Amino acid sequence: MYYDFLIKIPEKTGKISRNKRGDTTYIEYTYDRKYVPEKKYNVPMRTTIGKLSNDDPTMMYPNPNFEKYFPDIILPVEANNPASRSSCIRVGAFLVIKKIIDDYKLANHLSSWDDRGKGLLLDLATYSIICESNVAQYYPDYAYNHPVLTPEQKIYSDSTISRFFSEITEDDRIDFLNSWNKNRNHKEQIYLTYDSTNKNCKAGDIEKAEYGHPKEDIGAAVVNYSLAYDINNQEPLLYESYPGSIVDVSQLQYLIEKVRGYGYKNIGFVLDRGYFSRDNLNYMDQCNYDFVIMVKGKASFVNGLIMDHKGEFETNRNCAIKAFRTYGMTVCDKLYADDTKDRYFHIYHKVDRESAERAQLENELQRMEEMMNKSKGKDIDFGKKYEHYYELTYHEKDGKRKFYGYKEREDVIEKELKLCGYFTIVTSKKMNASDALLLYKSRDASEKLFCSDKSFLDNKSFRVSSNDALESKIFVEFIALIIRSKIYTQLRKRMAEMAKKPNYMTVPAALRELEKIELIRQPGGNYKLDHAITATQKTILGAFGIDEDSARARALSIGKELMGAAAPEQEEDEDGANEVY
């Protein structure tokens, strides 16, 4: 194999020779001399290091042998060869993600896409997982030293990526979700967690970017994004985006309609306290869907229930839920005065929680009193929170209302102190307190998914300036969450089987460890594993059903693909782009 660029023929008197065969002149290098006793002279040992240029007799096209015998001469391979890739390809994490993609048959759910589109979409999802970034500008840098899923291992420029985001249509996204949910067992009893988050978007032309109630308010408009997660099968099922001004509690009914549209019959919802509303619960009843929902501990209709049963179960060992170091009991009652159905209230108490909540309340009261002591005699009006805990005294003089003093509402504070450590879960279906808590705790998977979305996929902000690019990035993000959720669940299952709990079995740590599995380019242009797979890497790969032999075979297969990789796409100058970097 000869490289497709020219270099100057080395000036090595006595070691460089030319050998013309046919129309081609080969440049040979004498690397040794061997003495032949029978002939009593030295025979030169030569090897071809290149072929002569037809236009310039001082220049030649080198081959890999040239690199072997002239290692100090830097070849312009990386700069001038359009088919160049890094001499070190990180392949370990890609092997795991590629297997998940194949197992889920994600490409089959993109039936209307061509191979380039499928590969590019899945590459962007893979890039966001491995590099923990959603900045499309850096995708070519990632692809330079990683395998890709596009045909012929082709690397596309960031301009193409930007255009690609605008080419993904709403029909493409809907078709994927329809296909992803189509072949599931819609009669199976499953529970869905539904949670939402919001993301900052400073671009002024995004229709869904509106000012609302973000969890982290940086003064920017936000776009809301929600996810429905199948607890039983541990997979995200669908997502939706909606304007930032819409509150979460009002969006739930629209999600339920979408779930019904996909044909799911026997399901229940596990919801956070933020979705608790009479309308939502009635709507789930009308759809014959079960629900498991946390209730705020200070809600008035729960307070009385807790106080009525306080002291009945907190130390009763029959009520102990050892897995969570919690005590609980179940009471059947009506949710509202005119409720037509029985609801099951699961009341819990946890000592650790009681200590933490009491300390939090005491600290908050101390902070409020310090603030009020500093404000005596000043024209200031404290809010409802202060009025809840204290009787505030004001004096009016010369038309001004000044703060004078305060007195604790002892009955209110004592009641809240008595409620510290208690929480309640309400279910529509009869079950015991242990099962209800276990079901609600299964929300942790979806909550960690949202946490990983912002922390490990770098999706706190969208970095887009058009509506199409926004929807496409959310779509790519959803596919990345499908893959990352599988990585998380497989690692957790494997760790549960291990006697020790190693710190490398978290998703970020496992990916970092797998990135150390590298293919190194050889002088002939082929790629081979740099070293044997370590015991730690074998453990991680084993969680996904990949043994050492399989990993080596897949890595070498990728190495062969890289030898025939297409030339990377060259960046073009454009007058406009859809992506804000």
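The residue numbers shown here count from 1 along each chain, following its written sequence. Two thresholds apply to this predicted model, a pLDDT of at least 70 for residue-level local features and 80 or more for giving and counting side-chain atom pairs, whereas whole-chain, interface and lining totals are computed over all residues. Side-chain descriptors were evaluated using all non-hydrogen atoms of the structure, hydrogens and water having been removed beforehand.

Engineer: Before we move on, can you summarise the overall build of the protein chain with the specific residues and values?
Structural biologist: Helix and strand content of the protein chain: 19 helices and 19 strands. The atom set for the radius of gyration is the C-alpha atoms, and the globule formula is 2.2 Å times the number of residues raised to the power 0.38. Radius of gyration (C-alpha) of the protein chain: 33 Å, far over the 25 Å computed for a compact globule of 581 residues. Projecting the C-alpha coordinates of the protein chain onto the three principal axes gives extents of approximately 115 × 65 × 45 Å. Put simply, the protein chain has 581 residues, and 49% of those count as buried. Residue contacts follow a heavy-atom distance rule, with two residues in contact if any of their heavy atoms lie within 4.5 Å. Taking all contacts inside the protein chain whose residues are at least 6 apart in sequence as the whole, residues at least 24 apart take part in 65%. To be clear on the numbers: accessible area is Shrake-Rupley with a 1.4 Å probe, and residue cover counts the displayed protein chains and nothing else. Carbon and sulfur atoms make up 46% of the accessible area of the protein chain, which amounts to about 29500 Å² in all. Positive and negative side-chain charges in the protein chain, numbering 85 and 90 respectively, have mean positions lying 6 Å apart. Segments assigned H or I by DSSP are reported as helices when at least four residues long, segments assigned E as strands when at least two residues long, and all are numbered from the N terminus. For every residue, the accessible area obtained with a 1.4 Å probe (protein chains only) is divided by the maximum for its type, and the residue is called buried under 20%, exposed over 50%, and partly exposed between those limits. Charged residues are defined here as Lys and Arg on the positive side and Asp and Glu on the negative side; His and the ends of the chain fall outside this count. The atom standing in for a charge is NZ when the residue is Lys, CZ when it is Arg, CG when it is Asp and CD when it is Glu.

Engineer: Describe in detail a positive patch on the surface, supporting the description with residues and values.
Structural biologist: Taken together, the side chains of Lys 12, Lys 15, Arg 33 and Arg 46 define a basic patch exposed on the protein surface. Within the secondary structure, Lys 15 is located in the loop between β1 (7-8) and β2 (16-21). Given the relative accessible area of 37%, Lys 15 is considered partly exposed. Note on patches: the residues involved have over 30% relative accessible area and no salt bridge, like charges join within 9 Å, and the nonpolar side chains Val, Leu, Ile, Met, Phe, Trp and Tyr join within 5 Å. We define a salt bridge as a side-chain nitrogen of Lys or Arg found within 4 Å of a carboxyl oxygen belonging to Asp or Glu.

Engineer: Describe in detail the pairing of strand β11 (residues 290-295), supporting the description with residues and values.
Structural biologist: Most of β11 sits out of view: six of its six residues are buried. Side chains Asp 290, Val 292 and Met 294 of β11 all project onto a buried face; the interleaved residues Phe 291, Ile 293 and Val 295 project onto the opposite face, where all are buried too. Assignment of crossover handedness uses the view with strands pointing away from the viewer, where a clockwise path from the first strand over the helix to the second indicates a right-handed crossover. Remark: the strand β10 (residues 267-271)/helix α9 (residues 278-286)/β11 crossover connection has right-handed handedness. A pair of strands is treated as paired once DSSP finds two or more bridges between them. Bridge analysis of β11 against strand β17 (residues 422-427) gives four bridges, and the strand direction is antiparallel. Within β17, the residue paired with Ile 293 across the bridge is Val 426.

Engineer: Residues and numbers for the pattern of salt bridges, please.
Structural biologist: One pass over the structure, following the stated rule, counts 18 salt bridges. Ionic pairing is found between Glu 240 and Lys 258, a salt bridge with its closest N-O pair at 2.9 Å. Of this pair, Glu 240 sits in strand β9 (residues 235-243) while Lys 258 sits in helix α8 (residues 248-261), and the two are 18 residues apart along the sequence. The class for Glu 240 is buried, based on a relative accessible area of 3%. Owing to a relative accessible area of 37%, Lys 258 belongs among the partly exposed residues under this scheme. Of the charged contacts, one joins Arg 367 and Glu 364 as a salt bridge, the two residues approaching to 2.8 Å between their closest N and O atoms. Taken together, the residues Arg 367 and Glu 364, both in helix α11 (residues 351-374) and three residues apart, mark about one turn of the helix.

Engineer: Which residues make up the packing of α11 against helix α13 (residues 410-419), and what values go with them?
Structural biologist: A fitted line through C-alpha atoms serves as each axis, taken over the contacting stretch for helices, and the angle formed by two N-to-C directions is quoted from 0 to 180°. Look at α11 against α13: their axes get within 9 Å of each other, and the N-to-C directions meet at 155°. Considering their axes alone, α11 and α13 lie roughly antiparallel with respect to each other. The crossing of α11 and α13 is right-handed. Side by side, α11 and α13 meet where Glu 357, Arg 358, Leu 361, Glu 362 and Leu 365 of the first sit next to Ile 413, Glu 416, Leu 417 and Leu 419 of the second. Note that Gly is not counted as nonpolar here; it falls among the polar residues with everything else outside the nonpolar set of Ala, Val, Leu, Ile, Met, Phe, Trp, Tyr, Cys and Pro and the charged set of Asp, Glu, Lys and Arg. Its residues assigned to classes, the contact of α11 with α13 comprises five nonpolar, no polar and four charged. Here the angle decides the label: under 35 degrees means roughly parallel, over 145 means roughly antiparallel, 65 to 115 means roughly perpendicular, and every other value means oblique. Handedness of a helix crossing follows the sense of rotation of the near helix relative to the far helix, less than a right angle counterclockwise being left-handed and clockwise being right-handed.

Engineer: Can you break down a negative patch on the surface residue by residue, with the values?
Structural biologist: A cluster of acidic residues, Glu 362, Glu 391, Glu 408, Glu 410, Asp 411 and Glu 414, forms a negative patch on the protein surface. In terms of residues, the negative patch owes the most to one element, α13, which gives three residues. Relative to the assigned elements, Glu 408 resides in strand β16 (residues 400-408). In this structure Glu 408 comes out as partly exposed when scored by relative accessible area, which is 34%.

Engineer: Describe in detail the sheet that holds β2, supporting the description with residues and values.
Structural biologist: Within the open sheet, the five strands sit side by side as β1-β5-β4-β3-β2. Their pairing is antiparallel. The open sheet is flanked by β1 and β2, the only strands paired with a single partner. Here strand β3 (residues 24-36) pairs with strand β4 (residues 41-52) via ten bridges, running antiparallel. Paired with Thr 30 across the strands is Arg 46, a residue of β4.

Engineer: Kindly report on helix α6 (residues 158-167), identifying the contributing residues and their values.
Structural biologist: Every α-helix winds through 3.6 residues per turn, so residues three or four apart in the chain are directed the same way. Where burial is concerned, most of α6 is hidden: seven out of the ten residues are buried. Of all the positions in α6, only Asp 158, Ser 159, Thr 160, Ile 161, Ser 162, Phe 164 and Phe 165 are classed as buried. Looking at the buried positions of α6, the neighbouring elements they touch are α4 (115-131), α5 (139-144) and α16 (467-496).

Engineer: Could you give an account of the environment of Arg 367, with specific residues and numbers?
Structural biologist: Under the relative-accessibility criterion, Arg 367 is labelled partly exposed at 39%. For the pair Arg 367 and Lys 350, spaced 17 residues apart in sequence, the C-alpha separation works out to 26 Å.

Engineer: Could you give me a rundown of helix α10 (residues 300-309), with the residues and numbers involved?
Structural biologist: Three or more residues of α10 are buried, namely Val 302, Asn 303, Leu 305, Ile 306 and His 309. A positive phi of about 95° marks Gly 311, the residue just after α10.

Engineer: I'd like to hear about the sheet that holds strand β19 (residues 527-529), residue by residue, with values.
Structural biologist: Whether parallel or antiparallel, the strands of a sheet pair through hydrogen bonds between backbone atoms. The three strands lie next to each other as β6-β18-β19, forming an open sheet whose pairing is antiparallel. Two strands lie at the open edges of the sheet, namely β6 (88-90) and β19, each paired on one side alone. With direction set aside, neighbouring strand axes in the sheet form an average angle of 30°. Pairing between strand β18 (residues 518-521) and β19: three bridges, direction antiparallel. Within β19, the residue paired with Ile 520 across the bridge is Lys 528. Docked against the sheet, helix α19 (residues 548-563) engages β6, β18 and β19, running at close to 160° with respect to β19.

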